[in-house]
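Structure at a glance
Each chain is listed here by its residues.
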Amino acid sequence: MLLEYATTLTFIALGAIFAYSFYAVLIAGQLSLGQAGFASLAAFSAASLAPSGTDVGELPALLIAVGIGMGVGALAAVVLGLPTMHLRGVFLAIATLGFAEAVRVVLLNQEWTGGAQGLAVPRILDVGTAWIVLALVAYWFWRMGPSRYGRALEAIREDELAARSMGIDVGRHRLSAFITAGAVAGLYGVLFAYYVRLIAPNDFDFTAAVEGLVTAVVGGSTMFLGPLLGSGFQTMIPEIQRAVGVEAGWIRPFLASLLLLVVILFLPGGLASLIPRRTRLPAGLQEDEDGGRPSHLAARRHPAAGETVVSLTGLGKEYGGVHAVRDVDLEVHGGEVVGLIGPNGAGKTTLVNMISGLVPPSSGSATVLGVPVGRTPVHRVAAAGVSRTFQHSKLFNRLSALENVLVGAHLVSRPTFLRRLLWLPSARRDEQAALAQAARCLRRVGLADLAGSRASALSYGDQRRLEIARALASEPSLLILDEPAAGMNRVEAARLSDLIRSLAADGLTILFIEHNVGMVLETCTRVVVLNFGEVIASGSPDAIAADPAVIEAYLGTADDEPASGSIAEGTLPDPTGGGADAAGSGAVINVDPGAAGTLEPPETTPRNAT
Ligand SMILES: Nc1ncnc2c1ncn2[C@@H]1O[C@H](COP(=O)(O)OP(=O)(O)OP(=O)(O)O)[C@@H](O)[C@H]1O
């Protein structure tokens, strides 16, 4: 019975292994078509270099061939990956496709490959071995998924900028995913060669690459079983045709294309997304008491009170002719809660983007926690102890709230993937510590009940709190919050104010932008006011509330329309001078009478990308 279907079963296994080489990069959000080239180089190298089965025995010959093939595939991926890893989306697909086509044409014109005639290879692979290898590959990706490395790849796929800000070295992770893809494609090439008996460069052409990609996409790139489901489905179509007596050759590609269309339109996560994804919640997650910092996490030394955390000298940023920030001198010290306020377009977000390393300054210098920002990659600034939230939530939408916060703990948790492969108890201990840390942060912002919910399914206010929990998980020394209360109601904003004060009491230094001036005055130890990119005032909340320059920036000069309101009470008019219409032009400030320390429901305004 099994033998009757041996060929079909072997091709399901081979197709799935090839699809895993696409899955390896799709999981990190990369679209590559170079796998056909890796497989082809691996197949011909192994077939030419590996000893024959008659000399060393069939299994050793196959193992040596697999070793050569995976090595060649991985090496080719390094060579191709180094110059192309900065490319995104379709550009990476085109570059890698170009590589695969170049490999095909070169191999087609070589004598040692047999050219278009191909190269004879002994059949050593059988169905059992093919499935054992597939099981090993699937095991690799299964164990990788919930590891620190696997979660980092998923985070990169969901939002690369946010992943960088969590301390993930995106370039290194993308390259390692690409090398894995090369090795797995090489493995496929060798197994294919040692099964089909005759390989030709045209077996690894554009159609083969697209078929591998389609199999991975149809199966699903968010769950390790996806490639297997995709390959099973694709390979079974002709078998089903045969069983029902319809032999037309066009049916398989037609159904495969139709399925691809259906998956892309209605099932973006592929067939695997039909399998419910469970997020394991750590024991005690729902408990109210705060269990303290898990001892397995890497420790971080926070600056003492009064120590310089941020030092900006003559910092400026110019976009074309627009001076978003000009000549800012600012020091922030350990334990301070500094509020950054100013009218729309004053340069607040640009300033914090420079402090967190996202935007390089055009002039001046900035040192944050001892790191010179501007010359330091974002993930290194994060590693120095800077953590942030964004003006527009940048959550990992397809991950659960808990998984989002686990990614936030990337910097303080230990790598677990290789130890997970071996089921070492220490990996489990480290995972438990990371889970406990994530649970602690979720509890701190009041989201423990929603730990298993997808980030995208949360309310706007909860998403903002989740971003704060994610930022806290790395145990930062400097926490930067960009409009954290946007979208929160009054009660939530008041709770947020309490949270910020309690974080400061724990020794965190906090810098936050907020349009709710009342809340800023109530929460901060110092307020810095920006207008037209320049610092126009800096001082205690009381001093700022009475500062004539600040009042002028918000209320306008004597020549302007008279406007009523008080900074101290947080009852300021819109500084852009707009009414309801001005919302469309970016106006937002809490103008609710008597709303000191509170916020109105969200006013939607056009914002920067970050
Ligand atoms: N990437 C960019 N390219 C060009 N101009 C930019 C860019 N980012 C910001 N600017 C400009 O720089 C100025 C300051 O913008 P920024 O977003 O920093 O102000 P903001 O005080 O944060 O405003 P808001 O309160 O509306 O968020 C604005 O004039 C804006 O148009």
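Residues numbered from 1 in each chain as written. Predicted model: local features only at pLDDT ≥ 70, side-chain atom pairs only at ≥ 80, totals over all residues.

Turning next to the UniProt feature "transmembrane region" (unreviewed entry) in the protein. With numbering matched to this structure, UniProt assigns "transmembrane region" (unreviewed entry) to residues 6-26, 62-82, 89-108, 120-142, 175-196, 208-233 and 254-275. Taken end to end, residues 208-233 has its terminal C-alpha atoms 16 Å apart, with 77% of it in helix and 0% in strand. Between the C-alpha atoms that bound residues 254-275 the distance is 26 Å, and the span itself is 59% helix and 0% strand. (UniProt positions renumbered as here; feature names shortened; annotations may be inferred. Helix = DSSP H or I, 4+ residues; strand = E, 2+ residues; numbered from the N terminus.)

Before going further, it helps to examine helix α11 (residues 226-244). For an α-helix, the turn length of 3.6 residues means that residues three or four places apart are oriented alike. Taking 1.5 Å as the rise per residue, α11 with 19 residues should run 27 Å; its terminal C-alpha atoms sit 27 Å apart, in good agreement. For α11, the secondary structure elements touched by its buried residues are α1 (6-26), α6 (127-144), α10 (206-219) and α12 (251-266). Positive phi shows up at Gly245, right after α11, with a value of about 80°. (Expected span 1.5 Å × (residues − 1). Contact = placed C-beta atoms within 7 Å.)

Further remarks concern the pairing of strand β4 (residues 322-333). Relative to β4, strand β3 (residues 308-319) runs antiparallel, the two being bridged by eight bridges. Paired with Ser311 across the strands is Glu331, a residue of β4. Linking β3 to β4, which pair antiparallel, is a turn of two residues; within it Gly320 sits at a positive phi near 60°. (Pairing = 2+ DSSP bridges.)

Next up on the list: the packing of helix α2 (residues 35-49) against helix α5 (residues 89-108). Running from N to C, α2 and α5 cross one another at 30°; their axes reach a closest spacing of 7 Å. Accordingly, the angle class assigned to the pair α2 and α5 is roughly parallel. Residue-level inspection shows Ala36, Gly37, Ser40, Leu41 and Phe44 of α2 in contact with α5, the latter providing Phe99, Ala100, Val103, Arg104 and Leu107. In terms of residue class, the contact of α2 with α5 is built from seven nonpolar, two polar and one charged. (Axes fitted to C-alpha atoms, helices over the stretch in contact; angles between N-to-C directions. Parallel < 35°, antiparallel > 145°, perpendicular 65-115°, else oblique. Nonpolar A, V, L, I, M, F, W, Y, C, P; charged D, E, K, R; others polar.)

Moving on, we get to the site of the ligand. Around the ligand sit 15 residues in total, of which Tyr319, Ala324, Lys348, Thr349 and Thr350 are the nearest. Taken together, the elements giving at least two residues each to the shell around the ligand come down to β4 and α13 (348-355). A per-element tally of the shell around the ligand places α13 first, with three residues. Of the residues in the shell around the ligand, the class split is four nonpolar, nine polar and two charged. (Near = placed C-beta within 6 Å.)

Further remarks concern the sheet that holds β3. In space, the four strands of this open sheet follow the order β4-β3-β6-β7, with antiparallel pairing throughout. Every interior strand has two partners, whereas the edge strands, β4 and β7 (371-372), have only one.

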